[in-house]
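Summary of the model geometry
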There are 2 protein chains.
Amino acid sequence: MDHSITKEGPYLRNFDEEKTRESINGALALRVQIEKIIDQIWQEGFDSIFFMGIGGTWASALQVEVYMRGRSSLPAYVDNAAEFLTTGNKKFTENSVLIYSSVSGNTKEMVELVDKVKGMGARVFAFIDTPGSLLTNEEKQDHLVVYPMNEQLKFYMTANYLMYKNGEFPEYERYNQEMETYLAEALITVEKQSDAWGYERAKKSVEFFRAHPDYPHYFIGCGNLYGAAYSYGMCYWEEQMWIRTKSISAGEFFHGMMEIIVADTPVTLFIGEDEQRPLAERVARFLPKVCENYVIIDTKDFELKGISEQFRGSISHLVIRAVNARVDTYMELLLDHPLSTRRYYRQFEY
Amino acid sequence: MDHSITKEGPYLRNFDEEKTRESINGALALRVQIEKIIDQIWQEGFDSIFFMGIGGTWASALQVEVYMRGRSSLPAYVDNAAEFLTTGNKKFTENSVLIYSSVSGNTKEMVELVDKVKGMGARVFAFIDTPGSLLTNEEKQDHLVVYPMNEQLKFYMTANYLMYKNGEFPEYERYNQEMETYLAEALITVEKQSDAWGYERAKKSVEFFRAHPDYPHYFIGCGNLYGAAYSYGMCYWEEQMWIRTKSISAGEFFHGMMEIIVADTPVTLFIGEDEQRPLAERVARFLPKVCENYVIIDTKDFELKGISEQFRGSISHLVIRAVNARVDTYMELLLDHPLSTRRYYRQFEY
């Protein structure tokens with residue numbers, strides 16, 4: 001993968017460096033607010049903490065759960081809003097805390113979820129992008145942070161402080177110092193370095209799609225990149241571009257899905273730097289043996305200046321997101337398909 | 001869906017009624033053995049119980065987890081073997097119990113998993129299909145049940161007795177009596193009633209596949225039918241038939257994937273009778289609005305003689321499995337593709 005910037009193709013389309021910097025640094029500055037909320041929850045006590053969501057926000061919840069899974073003995077869980085509304089969860093009680101994020105602040109399942117949880121007498125800690133939306137109402141939450149975008153960062157900041165309080169994150173101060181000093185610049189650099197590549201990638205993907213409109217594009221990831229593969233395939237390519245995809249975790253890939261990979265199958269493998277990296281590396285060894293149409297995006301190829309080796313894995317999903325943002329903007333251009341158009345979602349009753 | 005049996009097409013191909021009856025009843029008869037093992041584990045105590053697997057056995061673990069999730073406050077969890085081997089899980093300690101199932105008894109990830117868990121000093125309760133396989137060795141497990149097939153039944157029997165011991169399943173005796181008297185006959189009847197339909201379904205699916213070899217076939221399910229949709233798509237159609245699929249849970253369907261459903265998209269919706277049924281019913285209301293190539297398999301269409309209303313949901317995945325078995329056998333015939341052939345799995349190193 002060549003990250004050099006060329007003038008071939010559109011140049012940094014839809015990229016506002018200053019706005020990106022402000023957005024990320026603004027999110028990181030929520031830390032004081034998040035810590036205060038967690039301090040109060042901690043003091044009151046809890047028997048479980050649930051990150052829940054639906055669609056893309058569920059994928060973010062999966063990411064924070066896998067981040068904590070090997071690090072924390074806290075009773076932290078992930079659940080899906082639609083499933084919780086039907087199956088319920090005996091581990092969630094009136095002494096539990098729901099943490100969630102919503103962009104619109106009025107997603108059907110999330111409103112019902114909040115009503116159910118409040119009805120149980122449990123606490124709700126909400127991250128909402130849209131000021132004044134239904135879910136920002138006082139009776140819908142106990143703790144509210146209103147700030148646009150950066151959902152994954154908000155969840156990880158919450159997880160980090162929880163683990164710090166639980167004695168599981170002694171490097172907390174140094175971690176935050178690094179992120180607050182270097183993260184925005186690192187991610188901006190990733191976007192800049194991926195721009196020309198993103199254009200080429202989009203061009204090839206659109207060409208393939210035009211020639212094979214029903215052939216699914218495969219996304220493979222693991223660790224915090226499983227949520228990335230899942231939501232990128234479903235919430236970006238399927239929902240926004242109407243291109244078929246299938247996402248699979250790198251470990252599961254070897255137990256069925258690999259059999260339908262042939263020479264022309266379009267595959268994107270995300271390789272990150274968290275503990276599950278070896279699972280993705282195994283896929284990287286396999287692909288060249290059977291496929292000629294795969295692409296690997298490896299977060300290791302990016303410098304991420306100022307971020308210590310040991311912390312790089314915790315932002316792999318943000319790095320991949322920055323690369324994908326460059327692909328998406330050119331997909332939109334080349335498909336001539338505004339990413340905000342929906343065929344069905346919120347278009348009629350079902 | 002017409003369940004009447006016709007002589008059109010092959011009749012009950014690969015179906016040995018007596019063998020099926022023996023297989024199911026033999027599995028149900030493992031109950032004494034399972035109860036004895038759980039009694040010992042219970043007496044020794046545990047801080048968590050993990051159902052783990054990889055591929056199809058992970059899907060079965062997902063099914064038993066969602067079954068217990070709304071019913072039991074026991075510290076019962078699901079994890080994926082490949083993920084546990086890399087990320088680990090702080091909720092799994094030396095006082096934990098791993099419960100798993102393996103057909104071959106030598107799957108790479110499962111052998112590594114067992115070695116890791118035994119190395120931690122934790123206990124292992126293994127269901128193995130193949131006598132004399134590596135994982136049946138004495139040092140690889142603390143509790144062993146060797147019996148072929150019926151993995152889901154074995155897991156549910158384990159869950160049922162755990163919940164019974166925890167005071168969460170007062171109907172345990174009646175439940176078992178019903179299953180032991182009626183389950184085998186009910187499932188045999190489902191297979192018989194689905195045979196002609198399965199042949200027609202296979203014929204249409206193979207025709208579609210021949211005309212559109214790269215168009216994915218979609219499987220949608222929820223509750224214990226999410227694991228069914230996941231493993232049926234991946235372990236049967238992809239792995240055994242080399243037909244592309246995507247599986248999605250019914251709740252998630254509305255958050256991205258629905259946008260790529262158009263008139264000719266082949267969709268199979270599984271509707272079961274556990275608590276998540278309303279999520280699948282919502283998909284059933286949506287599909288006719290946008291798609292002309294969908295099929296619904298609803299477990300409610302089957303009598304399941306002798307099984308009480310309240311217990312039907314707990315076997316929805318077995319009912320769907322019986323229907324799918326009828327489809328698969330004719331897929332094999334019409335594709336002229338032995339389901340045991342693999343392109344890559346265990347064919348070379350990767």
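For the structure given in this document, a descriptive report is provided here. (Residues numbered from 1 in each chain as written. Chains lettered and ligands numbered in written order. Predicted model: local features only at pLDDT ≥ 70, side-chain atom pairs only at ≥ 80, totals over all residues. Heavy atoms only, no water.)

The subject of this paragraph is the overall build of chain A. The helix and strand tally for chain A stands at 12 helices and 9 strands. For chain A, the C-alpha radius of gyration of 20 Å lies close to 20 Å, the compact-globule estimate for 350 residues. For chain A, the residues scored as buried account for 64% of the 350 residues in total. By element, 49% of the accessible surface of chain A is carried by carbon and sulfur atoms, the whole surface being about 12,800 Å². Computed over 37 positive and 51 negative side-chain charges, the inter-centroid distance for chain A is 1 Å. (Helix = DSSP H or I, 4+ residues; strand = E, 2+ residues; numbered from the N terminus. Rg over C-alpha atoms; globule rule 2.2 N^0.38 Å. Buried < 20%, exposed > 50% of the residue type's maximum accessible area, 1.4 Å probe, protein only. Areas by Shrake-Rupley, 256 points an atom, 1.4 Å probe, with all protein chains shown as cover. Lys, Arg positive; Asp, Glu negative; His and termini not counted. Charge placed at Lys NZ, Arg CZ, Asp CG, Glu CD.)

Bringing empty space enclosed by the protein into the picture now. For the coordinates displayed, the defined rule picks out 10 cavities of 30 Å³ or more. By volume, the largest cavity amounts to about 1,200 Å³. Around the largest cavity, the lining comprises 50 residues; the ones closest to its centre are Trp58(A), Leu62(A), Val78(A), Trp58(B) and Leu62(B). Looking at the lining of the largest cavity, the elements that each hand over two or more residues are helix 3 (56–69), strand 2 (76–80), helix 8 (224–241) and strand 7 (245–249) of chain A together with helix 3 (56–69), strand 2 (76–80), helix 8 (224–241) and strand 7 (245–249) of chain B. Considered class by class, the residues forming the lining of the largest cavity number 21 nonpolar, 16 polar and 13 charged. The computed volume of the second largest cavity comes to approximately 130 Å³. What lines the second largest cavity is a set of 16 residues, among which Leu28(B), Leu153(B), Met157(B), Asn160(B) and Tyr175(B) lie closest to the centre. Looking at the lining of the second largest cavity, the elements with two or more residues in it are helix 6 (151–165), helix 7 (172–211) and helix 12 (316–335) of chain B. (1 Å grid on protein atoms, 1.4 Å probe; cavity = no way out; pocket = protein on both sides within 12 Å on 5 of 7 lines; lining within 4 Å. Points joined across faces, edges and corners; volume = space filled by probe spheres on them. Nonpolar A, V, L, I, M, F, W, Y, C, P; charged D, E, K, R; others polar.)

All names here are of chain B. Strand order in the open sheet formed by 5 strands is 2-1-3-4-5, with parallel pairing between adjacent strands. Of all the strands in the sheet, the pair left with one neighbour each is strand 2 and strand 5 (143–146). In this sheet, neighbouring strand axes are inclined to one another by 20° on average, regardless of whether the strands run parallel or antiparallel. When strand 3 (residues 96–102) meets strand 4 (residues 123–128), the two strands line up parallel, connected through 6 bridges. Looking at the pairing, Ile99 lines up with Phe125 of strand 4. This element, helix 3, spans strand 1 (48–53), strand 2 and strand 3 of the sheet and lies at about 155° to strand 2. (Pairing = 2+ DSSP bridges. Axes fitted to C-alpha atoms, helices over the stretch in contact; angles between N-to-C directions. Contact = heavy atoms within 4.5 Å.)

Turning our attention to the interface of chain A and chain B. Taken together, the contacts link 68 residues of chain A with 68 residues of chain B. For the pair chain A and chain B, the summed buried area comes to about 6,100 Å², and 55% of that belongs to carbon and sulfur atoms. Area buried by chain A at its contact with chain B is led by His255(A), Glu259(A) and Tyr350(A), which between them contribute 13% of it. There are 8 salt bridges connecting chain A and chain B. Between Lys246(B) and Glu238(A) there is a salt bridge whose closest N-O contact spans 2.9 Å. Across the contact surface, chain A and chain B share 46 residue pairs in polar contact (both at pLDDT 80 or more). (Buried area = accessible area lost by both parts, 1.4 Å probe. Salt bridge = Lys/Arg side-chain N within 4 Å of Asp/Glu carboxyl O. Polar contact = N/O pair within 3.5 Å; in protein donor to acceptor, adjacent residues only side chain to side chain.)

All names here are of chain A. Counting buried residues in strand 7 gives 5 out of 5 residues, a clear majority hidden from the surface. Burial of strand 7 is two-sided: the residues Thr245, Ser247 and Ser249 facing one way and the residues Lys246 and Ile248 facing the other way are all buried. In terms of strand pairing, strand 6 (residues 217–221) meets strand 7 through 5 bridges, oriented parallel. When the bridges of strand 7 are listed, Phe219 appears paired with Ser247. Each parallel crossover has a hand, and the one from strand 6 via helix 8 to strand 7 is right-handed. (Right-handed = clockwise from strand over helix to strand, strands pointing away.)

What follows deals with unusual backbone geometry. All names here are of chain A. Here Asn14, not a glycine, exhibits a phi torsion of approximately 50°, which is positive. As for its position among the elements, Asn14 is in the segment before helix 1 (17–28). If you check the backbone angles, Leu304 has positive phi at about 50° while not being a glycine. On the basis of relative accessible area, Leu304 is assigned to the buried category, the value being 4%.

Okay, the environment of Gly251(A) next. Here Gly251(A) shows up in helix 9 (residues 250–253). Accessibility expressed as a relative area gives 5% for Gly251(A), which makes it buried. Gly251(A) sits 29 residues away from Ala280(A) along the chain, and the two C-alpha atoms are 7.6 Å apart. Sequence-distant contacts of Gly251(A), defined by excluding residues within four places in its chain, comprise Leu279(A), Ile54(B), Ala82(B) and Glu109(B).

This next bit is on the packing of helix 3 of chain B against helix 8 of chain B. Residue and element names in this part refer to chain B. The N-to-C vectors of helix 3 and helix 8 enclose an angle of 170°; their axes lie 7 Å apart at closest approach. Comparing their axes, helix 8 and helix 3 come out roughly antiparallel. Across the interface between the two elements, Gly56, Trp58, Ala59, Leu62, Gln63 and Val66 from helix 3 touch Asn224, Tyr226, Gly227, Ala228, Tyr230, Ser231 and Cys235 from helix 8. (Parallel < 35°, antiparallel > 145°, perpendicular 65-115°, else oblique.)

For the pair chain A and chain B, the relating rotation is 180°, the translation along its axis is 0.0 Å, and the fit reaches an RMSD of 0.0 Å. Within this description, the copies of the chain are treated as partners about a two-fold rotation axis. The share of interface residues of chain A whose copies in chain B are also at the interface is 100%, consistent with both copies meeting through the same surface. (Least-squares fit on C-alpha atoms with pLDDT ≥ 70 in both.)

Turning our eyes to something else, we now look at the packing of aromatic side chains. Applying the stated rule across the entire model yields 67 aromatic pairs over all chains. When the ring of Tyr199(B) is compared with that of Tyr330(B), the centres are 5.4 Å apart and the planes differ by 90°; the resulting orientation is edge-to-face. Note that Tyr199(B) is positioned in helix 7 and Tyr330(B) in helix 12, a separation of 131 residues in sequence. Here Tyr199(B) matches Tyr330(B) in class, with each residue buried. One cation-aromatic arrangement involves Lys91(A) over Tyr77(B); the distance from NZ or CZ to the ring centre is 5.0 Å. (Phe/Tyr/Trp six-rings, centres within 6.5 Å; stacked < 30°, edge-to-face > 60°. Lys NZ or Arg CZ within 6 Å of the ring centre and 35° of its normal.)

Formed by 100 residues in total, the largest nonpolar core has its most connected members in Phe253(A) and Phe253(B). Ignoring any residue separated from it by four or fewer positions in sequence, one finds Phe253(A) in contact with Ile220(A), Ile248(A), Met258(A), Ile261(A), Val283(A), Phe286(A) and Leu287(A). By size, the runner-up hydrophobic cluster in this structure holds 71 residues, among which are Ala27(A), Ile37(A), Met163(A) and Val206(A). (Core = buried A, V, L, I, M, F, W, Y, C linked by side-chain atoms within 4.5 Å.)

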